[in-house]
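# Examination of the molecular architecture
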There are 2 protein chains.
Amino acid sequence: MSVEQWGVHELTYSGPSDGNPFADVSLRVAYRYRNRVVTVDGFYDGDGVYRARFMPDRVGRWEYVTSSSAVELDGHRGSFECVPPGPGNHGPVGVHGAHHFAYADGTRYDCIGTTCYHWTYESKEIQELTLASLRSAPFDKVRMCLLPTEGMRPERLPFVGTTPGEVDVEAYDPAFFRHFESRVADLLSLGIQADLILFHPYDRGVWGFDRMKPAEDEAFLRYVVARLAAYRNVWWSLSNEYDFNREKTIADWDRLLQLVQRFDPYQRLRSIHNGTKMYEVFTPYDFSKPWITHQSVQHWDGAEVAAWRSCPKPVVIDEIGYEGNAGRRWGNLTADEMVHRFWQGMTLGGYVGHGESFVDRETRAWISVGGRLYGESPERIAFLREVMAGLPRLSDGDVDPDRCVLHYLGDRQPSSVELDLPDGPPYRFEVIDTVALTITPLPTSYTGTCRIPLPARPYLALRGTR
Amino acid sequence: MSVEQWGVHELTYSGPSDGNPFADVSLRVAYRYRNRVVTVDGFYDGDGVYRARFMPDRVGRWEYVTSSSAVELDGHRGSFECVPPGPGNHGPVGVHGAHHFAYADGTRYDCIGTTCYHWTYESKEIQELTLASLRSAPFDKVRMCLLPTEGMRPERLPFVGTTPGEVDVEAYDPAFFRHFESRVADLLSLGIQADLILFHPYDRGVWGFDRMKPAEDEAFLRYVVARLAAYRNVWWSLSNEYDFNREKTIADWDRLLQLVQRFDPYQRLRSIHNGTKMYEVFTPYDFSKPWITHQSVQHWDGAEVAAWRSCPKPVVIDEIGYEGNAGRRWGNLTADEMVHRFWQGMTLGGYVGHGESFVDRETRAWISVGGRLYGESPERIAFLREVMAGLPRLSDGDVDPDRCVLHYLGDRQPSSVELDLPDGPPYRFEVIDTVALTITPLPTSYTGTCRIPLPARPYLALRGTR
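Residues numbered from 1 in each chain as written. Chains lettered and ligands numbered in written order. Predicted model: local features only at pLDDT ≥ 70, side-chain atom pairs only at ≥ 80, totals over all residues. Heavy atoms only, no water.

In terms of helices and strands, chain A carries nine helices and 28 strands. Relative to the globule expectation of 23 Å for 466 residues, the C-alpha radius of gyration of chain A, 24 Å, shows essentially globular dimensions. Over its C-alpha atoms, taken along the principal directions, chain A stretches across nearly 75 × 50 × 40 Å. For chain A, the proportion of its 466 residues judged to be buried stands at 59%. Counting only contacts in chain A whose residues sit at least 6 apart along the sequence, the fraction spanning at least 24 positions is 68%. (Helix = DSSP H or I, 4+ residues; strand = E, 2+ residues; numbered from the N terminus. Rg over C-alpha atoms; globule rule 2.2 N^0.38 Å. Buried < 20%, exposed > 50% of the residue type's maximum accessible area, 1.4 Å probe, protein only. Contact = heavy atoms within 4.5 Å.)

Here is the structure:
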């Protein structure tokens, strides 16, 4: 049996099904490659079936041995061959330099995600439509929730039971997870990261998932990590708008983040997302804490990226406002305004995520359910992605100013702009129209302090190369 | 001899021309209407000629008597008949209620001004062009400077001399003032207020007008008020961007404002205009001081009007940014953004001023020199003015919510909006498109808390009437 590098090796055993196997039975598997040992948690998958999943990160022979509180599951041994990755498999994404990302094989990852919070809870039809939409969209990450909101009444939950007040938070629904994992795998096959939102404040005690006991939170996280961490496209977002949950303190979030850090053998990307007073005060989580890998920000102003980069972790504005026609401020940006914010944030060395919230179309708002995209921004974001991908980079991932400068000029309409370029050979310039999606060379080259004439339209960028 | 109400009565006498008559000779004229006495300063107009100007505010017989340090000017007596105002003469503008303006005859004044700082310094041709532009523009006030900037080398100054370093700030150039006054009178004949900027920080010591001695400032202000206060369209703006002048303290500005308050027999509208860090911190002058009649604000955000109205004086955002294509942030707004800011400020019960800064057209930037208007905003501002003029008002000048509500919906594109309307009879609504300049009735009426469908475009307003 062989598994490709960064693929999933899965073990299956039969074991006890009496009592609460989720809580009563422990299963651990130690994987060994030469002198390197990685230990993973197994998990109960219902009907007396236990599984363990593992992502090998080295090509060659791996051996394993199980240990368990149940005799039937203890002491199983075996081995498999890890073979080189297939086409399109670049491994998991990790942090590169201070402010960027790369796949494990060194390929640059330009984090331009989108959000479909509960797309896996929708009808099969809508889920397939979402995947079809994502296939032709420019997004490489999807933010998505495990837990339902207060208003949803889904057929299956991560926990056992479907009636508010009657859910057993100490037992999990394997069928829910098998489905959820298949959607994570679908995203993987599209080359899309699954930024899994583990908690959120939109429960308000209806399900009680926002106010479980510390031991329940811990067991839930352990189970989720055991099932999902082996998928190389998984990221952990401990909570959406964590500060809107009044049942938990910063110390609680610190603890939960550290639990995921401890459970996860692969150290998948890990952050937490603020919500506070988006249009007034910005009080994010302290991203300098060691268990945070990147800054997952909600803020409307892409220009703030420059300040946030003083923390040496990638800046990802996962919510910058959504294109759409919702009644709420966060959900009725024009495409012009939305893409303007993208260009601001991305050209300053940050990453920006998309969302769409048209509330009166055939499928409901993309940010909630997925479905179909109606906005004008995805095409413009695809263009932005191409421009960003074509920039020469330093080894730390920042744009190399000796070879290229990229200035986004914003929503004003100056007839010229003064730039302070590095001295030396002149740069050849192009005017990038971020709305018309055109790139037009300028006749003159420039270096040092210079004034460059412009067509006096809003939403332009200047790219200079030498 | 007769003068119409709120017109100008002028007296002319011959007197001493030796020494420095501006400083050496005092001339005062006491005007009496029944038991009411108004005393004005006269002024030296060169070549041994002295004048005094007076604006009568009551219809009927006025008597006067002069007093002077010079025998030739002392003890002259006379009278004139003040007759009812002619067509279009509504008197001077004053504060109405806490936050609005009205002419002396009770006609509402909707303060929508523009800025042409140095238009009176330009060639005769350009000045005539400016007046022609203003004739067909929707503006009822012009901000304009008495003093030149550091870079200008005009043929005439308010003071004697035209070479930096060789100007006598204790003597004035009557020819300069006669010309300047004729332009103030030209504005008056167009029904436009002249918001006279008495000092500004764009001198940087080149002329030294930004750092005159206290006695020189006082004499200058006294002379300016003596010459100009009688024109009923005059307002006093003590300084533009006063906080950029490091030679003067707040105490200095307090004193200068109080001097104008003391010299001006008509108590013309009086304010001072901030400049500090327009895009960062807003630190205006304390407009609650008793010598301030209205808030003359520089700020880019019309939405702040709501907060500033906590000070019970009219809010006039004289600089909110300019439509144009200048290189500087303040001067390259699109028409969309500029007019958006107007609607924000005006619908919140403030007033907003226009400016235009196209730097590459036949005439230079309107805000500096006047000339021709190139932007798209004046037409939209004319439409806004019409809408504002048609609103039913309470006696304090605010819109009467029992008869009409006006909500500007901003630069977003919601497909509906929730309004909290006063209970009672329903309002008939119209959608106002502030860009297309259309007003479209909605089929349904609304009252109380309601959700109103919208065409999901930016820059709309809703007007409800009952």
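A few words now on the interface of chain B and chain A. Between chain B and chain A, the residue contacts involve 24 residues of the former and 24 residues of the latter. Buried surface at the junction of chain B and chain A, summed over both partners, amounts to about 1500 Å²; 43% is from carbon and sulfur atoms. At the surface where chain B touches chain A, the tally comes to zero salt bridges. Counting every contact that joins chain B to chain A gives twelve residue pairs in polar contact (both at pLDDT 80 or more). Those elements that place two or more of their residues in the side of chain B that touches chain A are β20 (323-324) and α7 (335-347) of chain B. Grouping the amino acids of the side of chain B that touches chain A by side-chain chemistry returns nine nonpolar, eight polar and seven charged. (Buried area = accessible area lost by both parts, 1.4 Å probe. Salt bridge = Lys/Arg side-chain N within 4 Å of Asp/Glu carboxyl O. Polar contact = N/O pair within 3.5 Å; in protein donor to acceptor, adjacent residues only side chain to side chain. Nonpolar A, V, L, I, M, F, W, Y, C, P; charged D, E, K, R; others polar.)

This paragraph deals with the domain arrangement of chain A. Residues and elements named next belong to chain A. Domain assignment breaks chain A into domain 1 (2-83), domain 2 (93-389) and domain 3 (404-465). Just the C-alpha atoms count here: the centres of domain 1 and domain 2 sit 28 Å apart. Taken together, the contacts link 18 residues of domain 1 with 18 residues of domain 2. Together, the buried faces of domain 1 and domain 2 total about 1600 Å²; carbon and sulfur atoms form 56% of this surface. When the area that domain 1 buries against domain 2 is broken down by residue, the three leading residues are Trp6, Phe22 and Arg53, summing to 37%. At the surface where domain 1 touches domain 2, the tally comes to four salt bridges. Counting the contacts that link domain 1 with domain 2 gives nine residue pairs in polar contact (both at pLDDT 80 or more). Of all the secondary-structure elements, those providing two or more residues to the side of domain 1 that touches domain 2 are β4 (36-44) and β5 (49-54). Considering each element in turn, the side of domain 1 that touches domain 2 owes the most residues, seven residues, to β4. When the residues that make up the side of domain 1 that touches domain 2 are grouped by side-chain class, the tally is nine nonpolar, five polar and four charged. (Domains from an automatic or database assignment.)

With that settled, the discussion passes to the UniProt feature "domain: DUF5060" (unreviewed entry) in chain A. In the numbering used here, UniProt assigns the "domain: DUF5060" (unreviewed entry) feature to residues 3-68 of chain A. When the span residues 3-68 of chain A is considered, its composition is 6% helix and 59% strand, and the gap between its end C-alpha atoms is 24 Å. (UniProt positions renumbered as here; feature names shortened; annotations may be inferred.)

Quick look at helix α3 (residues 174-189) of chain A now. Here α3 of chain A is 16 residues long and its end C-alpha atoms lie 22 Å apart, about the 22 Å a rise of 1.5 Å per residue gives. Among the residues of α3 of chain A, those classed as buried are Pro174, Phe176, Phe177, Phe180, Glu181, Arg183, Val184 and Leu187 of chain A. (Expected span 1.5 Å × (residues − 1).)

Residues and elements named next belong to chain A. Non-glycine residue arginine 204 carries a positive phi angle of around 50 degrees. Mapped onto the elements of the fold, arginine 204 is located in the loop between β15 (193-199) and α4 (214-228). Arginine 204 gets classed as exposed once you look at its relative accessible area, which sits at 54%. For leucine 437, which is not glycine, the phi dihedral falls at a positive 60 degrees. Here leucine 437 is to be found in the loop between β25 (427-433) and β26 (438-446). Owing to a relative accessible area of 22%, leucine 437 belongs among the partly exposed residues under this scheme.

This brings us to the UniProt feature "domain: DUF5605" (unreviewed entry) in chain A. Mapped onto this numbering, the UniProt entry gives "domain: DUF5605" (unreviewed entry) at residues 401-463 of chain A. End-to-end, the C-alpha atoms of residues 401-463 of chain A are 11 Å apart, and along that stretch the chain is 0% helix and 56% strand.

With that out of the way, let us pick up the relation of the copies chain B and chain A. Superposition of chain B onto chain A requires a rotation of 180 degrees combined with a translation of 0.1 Å along the rotation axis, giving an RMSD of 0.0 Å. Taken together, the turn and the small shift mark the pair as related by a two-fold rotation axis. Judged by C-alpha distance, glutamate 337 of chain B is the residue of chain B that lies nearest the rotation axis, at 5.8 Å. Most of the interface of chain B is mirrored in chain A: 100% of its interface residues are interface residues there too. (Least-squares fit on C-alpha atoms with pLDDT ≥ 70 in both.)

Residues and elements named next belong to chain A. Of the pairings in the sheet, the one linking β25 to β26 comprises six bridges and is antiparallel in character. Bridging from a neighbouring strand, valine 431 pairs with threonine 440 of β26. The antiparallel hairpin formed by β25 and β26 contains four residues in its connecting segment, where leucine 437 sits at a positive phi of about 60 degrees. (Pairing = 2+ DSSP bridges.)

Time to look at the pairing of β25 of chain A. Residue and element names in this part refer to chain A. With respect to burial, β25 is a largely interior element, five of its seven residues being buried. Judged from the six bridges that link them, β25 and strand β28 (residues 460-465) form a sheet pairing that is antiparallel. For isoleucine 432, the partnering residue across the bridge sits in β28 and is alanine 461.

So, about the packing of helix α2 (residues 124-135) of chain A against α3 of chain A. Residues and elements named next belong to chain A. Relative orientation of the contacting elements α2 and α3 amounts to 20 degrees, with a least axis distance of 11 Å. As far as their axial angle goes, α3 and α2 are roughly parallel. By crossing handedness, the relation of α2 to α3 is classed as right-handed. Across the interface between the two elements, Lys124, Gln127, Glu128, Leu131 and Leu134 from α2 touch His179, Arg183, Asp186 and Leu187 from α3. A per-class count over the contact of α2 with α3 returns three nonpolar, two polar and four charged. (Axes fitted to C-alpha atoms, helices over the stretch in contact; angles between N-to-C directions. Parallel < 35°, antiparallel > 145°, perpendicular 65-115°, else oblique. Left-handed = near helix turned anticlockwise from the far one by under 90°.)

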